[in-house]
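Residues per chain are reported as follows:
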Amino acid sequence: MPKTSKKDLSGISLLGAGKKNKPSKKLETFPNKNRGRNYVVTLHADEFTCLCPATGQPDFARLKIEYIPGEKIVESKSLKLYLWSFRNVGCFHEHLTNLILDDIVAALNPVWCKVTGSFNVRGGIAITVEAEHGKNPGM
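Residues numbered from 1 in each chain as written. Predicted model: local features only at pLDDT ≥ 70, side-chain atom pairs only at ≥ 80, totals over all residues. Heavy atoms only, no water.

Draft legend 1. Representation of helix H2 (residues 93–108) in the model. When the terminal C-alpha atoms of H2 are compared, their 23 Å separation across 16 residues agrees well with the 22 Å that a helix rising 1.5 Å per residue should span. Every buried residue of H2 is accounted for by His93, Leu96, Thr97, Ile100, Leu101, Ile104, Val105, Ala107 and Leu108. Of the residues one or two after H2, Asn109 is the one with positive phi, at around 50 degrees. (Helix = DSSP H or I, 4+ residues; strand = E, 2+ residues; numbered from the N terminus. Expected span 1.5 Å × (residues − 1). Buried < 20%, exposed > 50% of the residue type's maximum accessible area, 1.4 Å probe, protein only.)

Below, the structure is given as structure tokens:
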């Protein structure tokens with residue numbers, strides 16, 4: 001299996017000691033060195049927050065991002081900072097989940113991707129939104 005090389009890090013600017021942590025809309029990537037096989041990458045963000053667009057009250061969610069990489073893989077710290085950028089954004093859960101999917105697809109061009117947002121109960125109702133891109137080749 002090919003190892004990670006210095007060249008693979010050429011597009012990575014948010015990862016590393018001494019880097020300031022602040023919200024960012026930039027999703028950084030590195031090359032997928034296993035293009036000959038399909039495999040699923042699953043990322044969990046259990047402390048996602050955004051705001052209700054009507055009341056400004058905080059909404060809390062667990063996000064699950066699953067994808068089969070194409071040529072690129074998302075760098076996890078950039079994903080963390082990207083998700084943090086929604087902390088003070090008012091957006092309906094349905095729009096937000098689809099927006100995250102669209103941004104990941106734009107950055108990665110994956111074979112398949114699914115984003116699941118499981119939003120905590122507010123007003124007695126919990127909302128789960130699943131947005132999917134492409135066709136899962138039956139992994």
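Draft legend 2. Molecular detail of the pairing of strand E2 (residues 41–51). Of the strand pairs in this sheet, E2 and strand E3 (residues 58–68) are connected by 9 bridges, and their pairing is antiparallel. By the bridge assignment, Thr49 is partnered in E3 with Phe60. Between the antiparallel neighbours E2 and E3 lie 6 residues, among them Gly56 with a positive phi of about 80 degrees. (Pairing = 2+ DSSP bridges.)

Draft legend 3. Representation of the packing of aromatic side chains. All chains considered together, the criterion is met by 2 aromatic pairs. Here the aromatic rings of Phe48 and Phe86 are separated by 6.1 Å at their centres, their planes lie at 50 degrees, and the arrangement is tilted. Of this pair, Phe48 sits in strand E2 while Phe86 sits in the loop between helix H1 (76–84) and H2, and the two are 38 residues apart along the sequence. We note that Phe48, like Phe86, is buried. Ring plane angle 85 degrees and centroid distance 5.3 Å describe the contact between Tyr82 and Phe86, whose orientation is recorded as edge-to-face. Owing to a relative accessible area of 0%, Tyr82 belongs among the buried residues under this scheme. Cluster of aromatic residues (ring-pair linked, three or more members): Phe48, Tyr82 and Phe86. The residue whose ring lies beneath Lys25 is Phe86, and the NZ or CZ to ring-centre distance is 3.5 Å. (Phe/Tyr/Trp six-rings, centres within 6.5 Å; stacked < 30°, edge-to-face > 60°. Lys NZ or Arg CZ within 6 Å of the ring centre and 35° of its normal.)

Draft legend 4. Structural view of the environment of Asn98. In this structure, Asn98 sits in helix H2. Sequence separation between Asn98 and Val129 is 31 residues, and the spatial gap between their C-alpha atoms is 8.6 Å.

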